[in-house]
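Working through the structure, step by step
Here's the letter readout for the chains.
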Amino acid sequence: MFQDNPLLAQLKQQIQENLPKKEGTIKATDKGFGFLEVDSKTSFFIPPPYMKKCLHGDKVMAIIRTEKEREVAEPQELLEPSLERFIGRVKMFKGKLNVAPDHPQLKKQSLKAKVKKGLKTDDFAEGDWVVAHLIRHPLKGDNGFFVEISKKITDADDKIAPWWVTLAQNDLPNKEPEGIDNWALKDDESLERVDMTHVPFVTIDGESTKDMDDALYAKKNDNGDFELTIAIADPTAYITPDDAMDKVARERGFTIYMPGRNIPMLPRDLADELCSLHEGEVRPALCCTVTVGKDGVINDDIRFFAANIQSHARLVYDHVSDFLENGSSEQWQPSPQIETVVRDLYDFSLARADWRQKHAVVFPDRPDYRFELSEDNDVVAIHADMRRSANRLVEEAMITANICAGRTLRNTFGHGVFNTHAGFKPEKINDVVELVNPQGEERFNAESIATLEGFADLRRWLGEQDTTYLDNRIRKYQAYSEIGNQPLPHYAMGLDIYATWTSPIRKYGDMINHRLLKAHVLGKEPVQTADETVGEELALHRKHHKIAERNVADWLYARTLEQEPAKETRFTGEIFDINRAGMRIRLLENGAAAFIPGSMILDNKQRIECDGDNGQILIDKQVVYRLGDTLEVVLADVSLENRSLLAKPTQVFADAPAQSEPTENTEQETAK
């Protein structure tokens, strides 16, 4: 008799209007209740009945009331849904179609669903992967949650699911662009290509590489200096800014690289065939010549030009490295001419590496982890590939080429597509100074490390330390690398300018720089300029590609390591992150990331402290782990559903009452 009483409804509304309101994000739990996270330090309990109106991750406005002497939040208004377009798996409930979102906190949510017009319900089975869209939400006045399936990604048991699902999740293409029957050269009529087919260029790539985009030649002069020529494949000879294919390339931004497969930015008939610098085949190229001193200094005689070139030898990284490091290679016996070119390139790379080691920033060698897959897409092995002599040779040539392009674009046009890095975040510089000047030392100051030279000096000093603890701490204070159209420095490399043009088959920004460099060669206005939006576009593409690469790797790691907890296999882990819940480590044997919760280090909250601010874990106020430390671990759990690894140290800390003074044993454990 009271439910339709307008006076009671008005009174209820007035009471709610007078209650305090808080904006926050919903954090769900497995037990039906949840929390409204207002900020990092403030949260409110949400009882199970209220949680039925929202999903984990929803941003909401909630009223705060007191129930049973406890402040609770009741979500009232949806500010931003956690789900809009999402990936999920089909769940059949009493013959009706449902979708469970593919998210660790939402997998138990079974949302009623329908299929988009044009699809058939009968084509969907339990466990199938789908793209869905949330179309109804209780906080919008709807009667429950409801979703619409717009696309089937793949079947439940498809072994290629990690790739197809990840690509769909990031709204990325799952195949290369369609090629055309007849590619035609579309060079500017006044662009003359120098015939350099007689120059003994070499390509050095992986054994399976098909899109070979750089060829190198070097000659050491009698005075010890090097004449270096870099030839780069030229897809802009076939694609103009007005072509439909150029729009496709810009929309993709980059070739997508994932474990076991890649999705090219350009059609394979162009990237792998017509533009690829195959041995013995004449190809159009954009070239740069420059003299590099025996001291590694890049001279000012930089010259860009268009040419027709021919690779005289298709070489493989490992074969060349064996030859350079051991004096011979079973798989490769070069002709005297090619051997001379390779040795001169190697000597050039040593000179440049030495210069960068002294004047710029050289990153420490770390392995590249590579999945070897069977034809059935099972992981056969995970290889840890270290960069060797031939890899460094090519790397130094590409860095030199990109410095030359950066200088030329800066001097000619004042804009281009530049890779930049701003050093430390301005608000963190004083924190850095405090970290690197212990006990009142004044080796570095805020003014010096804000400069390119000072930043590079600090990074070189960090590389000389006995541990990587400070390096790991300080990296969190650095800005992110960016792509932009202004000629700004790249602090992280210690370089005053850097503009890539060496991978136009794989990077759209490099295609833009090719067109700018051709305009420089012709002395004309460019047919395409680097506008202000291109950097943001490319950065967004790069972000999604990196997420996709990491997600597929996580999936494959979970598949591969599923049986290791039962085997109690021991791994070496390096700590790369510490937060209040525990620490994240990288398994050095295979590159997998795993989480170690604080409770698996010591299940006593009073004695253990996970200090994320200082990158340390303490027991009884004594430091036991720091960022950069390595430790022996076993995997405690591998979740195929969440694609995550849980680990625990093999070193056991006894759960004894905390002591006011550390004992001898405690000091020994800390020292370990």
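Residues numbered from 1 in each chain as written. Predicted model: local features only at pLDDT ≥ 70, side-chain atom pairs only at ≥ 80, totals over all residues. Heavy atoms only, no water.

1. Some details on the packing of helix α8 (residues 389-412) against helix α13 (residues 508-522)
Here is the rule we go by: For helices, the fitted line uses only the C-alpha atoms of the stretch in contact; every axis is such a line through C-alpha atoms, and the angle between N-to-C directions lies from 0 to 180 degrees. Strands here are runs of E lasting at least two residues and helices are runs of H or I lasting at least four, both read from the DSSP assignment and numbered beginning at the N terminus. For classification, angles of less than 35 degrees are called roughly parallel, those exceeding 145 degrees roughly antiparallel, those between 65 and 115 degrees roughly perpendicular, and all remaining angles oblique. In this scheme the crossing of two helices becomes right-handed for a clockwise turn of the near helix relative to the far one and left-handed for an anticlockwise turn of less than a right angle. Here, two residues are considered to be in contact whenever any of their heavy atoms come within 4.5 Å of each other. Under the scheme applied here, ten amino acids are nonpolar (Ala, Val, Leu, Ile, Met, Phe, Trp, Tyr, Cys and Pro), four are charged (Asp, Glu, Lys and Arg), and all others, including Gly, are polar.
It is at 10 Å that the axes of α8 and α13 come closest, and there the two elements cross at 60°. As summarised for this structure, α8 and α13 are arranged oblique, according to the angle between their axes. For the pair α8 and α13, the crossing hand works out as left-handed. In this structure, α8 contributes A405, T408, L409 and T412 to the contact, and α13 contributes N513, L516, L517 and H520. The class makeup of the residues in the contact of α8 with α13 is four nonpolar, four polar and no charged.

2. Description of the environment of V432
Here V432 is to be found in helix α9 (residues 429-436). Remark: the alpha-carbon pair of V432 and K476, spanning 44 residues in sequence, is separated by 10.0 Å.

3. Some thoughts on the sheet that holds strand β7 (residues 96-101)
The strands making up a sheet associate through backbone hydrogen bonding, with each pair oriented either parallel or antiparallel. Formally: We call two strands paired when DSSP finds no fewer than two bridges between them.
Read once around its circumference, the closed barrel built from five strands follows the order β6-β7-β8-β10-β9, with strand pairing classed as mixed. This sheet shows a mean twist of 55° between the axes of neighbouring strands, independent of strand direction. In this structure, strand β8 (residues 111-115) lies alongside strand β10 (residues 146-154), joined through three bridges in parallel fashion. Bridging from a neighbouring strand, A113 pairs with V147 of β10.

4. Focus on the nonpolar core
Quick reminder of the rule: Joining through side-chain atoms within 4.5 Å is the link that ties buried Ala, Val, Leu, Ile, Met, Phe, Trp, Tyr and Cys residues into a set, and such a set is a nonpolar core. Each residue's exposure class comes from its accessible area (1.4 Å probe, protein chains only) as a fraction of the maximum for that residue type: buried when under 20%, exposed when over 50%, partly exposed otherwise.
If you look at the biggest cluster of nonpolar residues, it comprises 81 residues, and the most contacted ones within it are I309, L315 and W501. No other element matches the 11 residues that α8 contributes to this core. Residues within four places of L315 in sequence aside, it is in contact with V202, T203, I204, D205, V320, W332, I338 and V342.

5. Considerations on helix α3 (residues 161-169)
Counted residue by residue, α3 has seven buried out of nine residues, so it is predominantly covered. Just past α3, the residue D171 takes up positive phi, approximately 55°.

6. Focus on the pairing of strand β29 (residues 644-649)
Taking every second residue as pointing to the same face, the buried face of β29 carries L645, A647 and P649, while none of S644, L646 and K648 on the other face is buried. Across six bridges, strand β28 (residues 630-639) lies against β29 in antiparallel orientation. Of the residues in β29, the one forming a bridge with V633 is P649. Between β28 and β29, which pair antiparallel and follow one another directly, the connecting turn spans four residues, one of which, R643, has a positive phi of 55°.

7. Details of α9
Three- or four-residue spacings in an α-helix give side chains the same orientation, since the helix completes a turn every 3.6 residues. Filter applied, for reference: Read the arc as the range of directions from the helix axis to the C-beta atoms.
I429, V432, V433, L435 and V436 are the residues of α9 that are buried. Down the axis of α9, the buried side of the element spans an arc of 165°, and every buried residue falls inside it. Of the residues in α9, the exposed ones pointing more than 90 degrees away from the buried face are N430 and E434. Summarising the contacts, the buried residues of α9 are in contact with α10 (446-449), α11 (452-463) and α12 (469-475).

8. As for the UniProt feature "domain: S1 motif" (unreviewed entry) in the protein
Counted only if it meets this: UniProt positions are given in the numbering used here, feature names are shortened, and annotations may be inferred rather than shown by experiment.
Per the UniProt record, the feature "domain: S1 motif" (unreviewed entry) sits at residues 568-649. When the span residues 568-649 is considered, its composition is 5% helix and 61% strand, and the gap between its end C-alpha atoms is 11 Å.

9. Brief notes about the sheet that holds strand β26 (residues 616-619)
Here we have three strands laid out as an open sheet, ordered β25-β26-β27, and antiparallel in their pairing. Unpaired on one side and paired on the other, β25 (608-611) and β27 (622-626) mark the two borders of the sheet. Averaged over neighbouring strand pairs, the angle between their axes works out to 25° when direction is ignored. The sheet contact formed by β25 and β26 spans four bridges and is antiparallel. Counterpart to I608 in the pairing with β26 is I619.

10. Thoughts on the pattern of salt bridges
When the charged atoms of two side chains with opposite charge come close together, those side chains can pair. This is how the line gets drawn: What counts as a salt bridge is simple: a side-chain nitrogen of Lys or Arg found within 4 Å of a carboxyl oxygen of Asp or Glu.
Under the counting rule described, the total for this entry stands at 45 salt bridges. With its nearest N and O atoms 2.7 Å apart, the salt bridge here joins D322 to R388. On the criterion of sequence distance, the pair formed by D322 in helix α6 (residues 317-326) and R388 in the loop between β19 (379-385) and α8 is long-range, its members being 66 residues apart. We note that D322, like R388, is buried. The residue E395 makes a salt bridge to R356 at a minimum N-O spacing of 3.7 Å. One end of the pair, E395, is in helix α8; the other, R356, is in helix α7 (residues 336-359), with 39 residues separating them in the sequence. Among the residues examined, E395 registers a relative accessible area of 29% and is labelled partly exposed. Within this structure, R356, D365, R387, R392, E395 and E396 form a network of salt bridges that share partners.

11. Some words on the side chain of S321
Structurally, the position occupied by S321 is in helix α6. We classify S321 as buried; its relative accessible area is 0%. Excluding residues within four positions of it along the chain, S321 makes contact with N326, R388, S389, A390 and N391.

12. Examining unusual backbone geometry
Despite not being glycine, E69 has its phi angle at roughly 60°, a positive value. Considering the arrangement of structural elements, one finds E69 in the loop between β4 (59-67) and β5 (70-80). According to the relative accessible area criterion, E69 is exposed, its value standing at 80%. Positive phi is not limited to glycine here, since K621 has a value of about 70°. Mapped onto the elements, K621 comes out in the loop between β26 and β27.

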